[in-house]
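Chain residues, written in single-letter form:
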Amino acid sequence: MPTESGLLVTAYLETYLFAIALLILILFQANRSEYGRDRLGRGLFNFLVVSVIVAMAADAFAWWLNGRTFDGAAILNAGATFVSFATIPLPFMVWLVYTDYRLFADTARLRRHLPLYLGFFAANVVLCIINIWSGWYFTFDEHNLYQRGALMPLSFIFGFLYLIWTGGLAFSKIGNPDITKEERQLCRYHLFFIVPPLVAGALQLAFYGISVAWVATTFSVIFYYVNDQLFQLRKIQKLENDLMQSKISVMLSQIQPHFLYNALVVIKQLCDVDPPKAKEAVVEFSHYLRANLDSLTLQGGIPFSSELGHIENYLALEQKRFDDRVRVEYDIGYSDFLVPALTVQPLVENAVRYGIVRKEGGGTVSIRTRLEDHHVVIEVEDDGIGFDPSQPLDENRSHIGIENIHNRLASLYEGSLQVESAVGEGTKVTIRIPVRK
């Protein structure tokens, strides 16, 4: 019949195995999740989970070997207990590193702190090695039963130090008045993580035979993982909402009342002098409006050929209005790629409105695409009046949707946008988008 001690060990082992299974499930799920694709952050979280699994497995193995007397049991027990003590601070050191990275997002800062973080862990490993001869942390009697050493509480000090250190980082971040509500919530998650291990570790030190620290740590990992996934989901939903508002802003900036009025006036005049051309203008105008309205419902990119068709409709209307003052040159060297809707057309409209029609005699808008160094390059250039890039644009001259376009390119395609201009010479806008396999 199992003894009371045997039942306790069995309960611990079953609890440990269940906790390890949960951690393995989290590890698997974390690496297939759509949220939080940051490589370094994910690597640190993986290391955290693996370190808890290793520490718990070593502790469970030591519990199972305790008091067993088969050949080699004493050596195995000593080895497992050594690993268990040596890895006590490891998960909490990794958590401190992970907290530093997640809350401050500064790899240079992290590199500066890392030697100090590692130094305390190395000190604990050295003390565990010294324990082989000194017995400060633990010893075994003739029955291969574990005995606490006089300095055994010191083995917990390093773990406690890492947890308190983590709390200090989180509190220092929360104290920053400039952080967002979401960042403050993330700090709270990192703070809550440290509470269960601190309480459980204190209980384990106070009452011999109780081993709940790793189970409490597992609870902290699960709590943090679930809340961090929700945090990432809310962050992505906010980004999607911001992108939708950006698309709406771009569309509204495109369909300005003065453009609608001018286009309709041109169509009205053509109805009197050139009905076939008026009919053509109505078709172009309807396509122009349709492309703007359709952009609101698009979740991904559109073929560049579709964006180019929208540009052509817009330019056709402007050419009917300004005649030969608006000239266009196309050099489409590559077109097999996607762009966010209403990305290039607003740049063409900027070139017309703020560049060539303000120049006496008008000018030319050039639209070029090409492949270059694994990037799609799109250029919209005009020889209009230009502007001084070092001077802020006034509200009436703020270029349509430039900031929105830049944000959408960066968020959706990791692309970039560059504006070059000189007074009296014209303006060139260059978009670079990495080629997607």
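Residues numbered from 1 in each chain as written. Predicted model: local features only at pLDDT ≥ 70, side-chain atom pairs only at ≥ 80, totals over all residues. Heavy atoms only, no water.

A. Main features of the overall build of the chain. In terms of helices and strands, the chain carries 13 helices and nine strands. The buried share among the 437 residues of the chain stands at 45%. Once local pairs closer than 6 in sequence are excluded, the contacts in the chain between residues at least 24 apart make up 72%. Surface summary for the chain: the accessible area is close to 22,600 Å², and the carbon and sulfur share equals 61%. (Helix = DSSP H or I, 4+ residues; strand = E, 2+ residues; numbered from the N terminus. Buried < 20%, exposed > 50% of the residue type's maximum accessible area, 1.4 Å probe, protein only. Contact = heavy atoms within 4.5 Å. Areas by Shrake-Rupley, 256 points an atom, 1.4 Å probe, with all protein chains shown as cover.)

B. Seen up close, the packing of helix H3 (residues 73-86) against helix H5 (residues 107-134). Packing of H3 against H5 brings their axes to within 9 Å, and their N-to-C directions diverge by 155°. Classified by the angle between their axes, H3 and H5 sit roughly antiparallel to one another. H5 is crossed by H3, and the crossing has right-handed handedness. Every residue of H5 that contacts H3 at Phe82, Phe85 and Ala86 is listed here: Phe121, Asn124, Val125, Cys128 and Ile129. Here the residues of the contact of H3 with H5 are counted per class, giving seven nonpolar, one polar and no charged. (Axes fitted to C-alpha atoms, helices over the stretch in contact; angles between N-to-C directions. Parallel < 35°, antiparallel > 145°, perpendicular 65-115°, else oblique. Left-handed = near helix turned anticlockwise from the far one by under 90°. Nonpolar A, V, L, I, M, F, W, Y, C, P; charged D, E, K, R; others polar.)

C. Up close: the nonpolar core. Core analysis: the largest hydrophobic core is formed by 59 residues, its most contacted members being Phe45, Leu48, Met56, Phe85 and Tyr224. Sorting the residues of this core by element identifies helix H1 (4-30), helix H2 (39-65), H3, helix H4 (90-104), H5, helix H6 (154-174), helix H7 (181-206) and helix H8 (213-254) as the ones contributing at least two each. Grouped together as the second largest cluster of nonpolar side chains are 40 residues, Leu270, Ala278, Ile367 and Val429 included. (Core = buried A, V, L, I, M, F, W, Y, C linked by side-chain atoms within 4.5 Å.)

D. Looking closely at the environment of Arg102. Looking at the element boundaries, Arg102 is found in helix H4. The spacing of Arg102 and Glu183 is 81 residues in sequence and 9.7 Å in space, taken between C-alpha atoms. When sequence neighbours within four positions are dropped, the list of residues in contact with Arg102 reads Leu186, His190, Tyr224, Asp228, Phe231 and Gln232.

E. Spotlight on H6. For H6, spanning 21 residues, the distance from its first C-alpha to its last is 31 Å, which sits close to the expected 30 Å at 1.5 Å a residue. Among all positions of H6, only Ser155, Phe156, Phe158, Gly159, Phe160, Tyr162, Leu163, Thr166, Gly167, Leu169, Ala170 and Lys173 are buried. For H6, the elements touching its buried residues are H3, H4, H5 and H7. (Expected span 1.5 Å × (residues − 1).)

F. Geometry of the sheet that holds strand E7 (residues 375-382). Pairing is mixed across the open sheet formed by five strands, whose spatial order is E4-E6-E7-E9-E8. Edge positions in the open sheet fall to strand E4 (326-332) and strand E8 (416-422), since each of these has one partner strand only. Between one strand axis and the next, the sheet turns by 10° as a mean value, whatever way the strands run. Here E8 pairs with strand E9 (residues 426-434) via seven bridges, running antiparallel. Looking across to E9, one finds that Val419 is bridged to Val429. The strands touched by helix H11 (residues 304-322) within the sheet are E4 and strand E6 (363-372), with E4 carrying the most contacts at an inclination of about 160°. Strand contacts of helix H13 (residues 402-413): E8 and E9, with the helix running at about 150° to E8, the strand carrying the most contacts. (Pairing = 2+ DSSP bridges.)

G. Examining the side chain of Asn77 more closely. Its place among the elements puts Asn77 in helix H3. We classify Asn77 as buried; its relative accessible area is 1%. Once you skip the residues sitting within four places of it in the chain, Asn77 turns out to touch Ala62, Leu65, Asn66, Gly67, Phe140 and Asn144.

H. Quick look at the environment of Val283. Within the secondary structure, Val283 sits in helix H10 (residues 275-294). Separated by 30 residues in the primary sequence, Val283 and Asn313 place their C-alpha atoms 8.9 Å from one another.

I. Examining H2 more closely. Here H2 contains 27 residues, and its C-alpha end-to-end distance of 39 Å stays within 8% of the 39 Å for a straight helix at 1.5 Å per residue. Backbone geometry just after H2 places Gly67 at a positive phi near 85°.

J. Representation of a nonpolar patch on the surface. A cluster of nonpolar residues, Phe192, Val195, Val199, Leu203, Phe207, Ile210 and Phe219, forms a patch on the protein surface that exposes about 600 Å² of accessible area. At four residues, the largest contribution of residues to the nonpolar patch is made by H7. Assignment of secondary structure puts Val195 in helix H7. What makes Val195 partly exposed here is its relative accessible area of 40%. (Patch = residues over 30% accessible without salt bridge, like charges linked within 9 Å, V, L, I, M, F, W, Y side chains within 5 Å. Salt bridge = Lys/Arg side-chain N within 4 Å of Asp/Glu carboxyl O.)

K. Just the packing of H4 against H6, in detail. Between H4 and H6, the shortest axis-to-axis distance is 8 Å and the interhelical angle comes to 10°. With respect to each other, H4 and H6 are oriented roughly parallel. The residues of H6 that touch H4, namely those facing Phe92, Met93, Trp95, Leu96, Thr99, Asp100, Leu103 and Phe104, are Gly159, Tyr162, Leu163, Trp165, Thr166, Leu169, Ala170, Ser172 and Lys173. Along the lines of polarity and charge, the residues of the contact of H4 with H6 split into eleven nonpolar, four polar and two charged.

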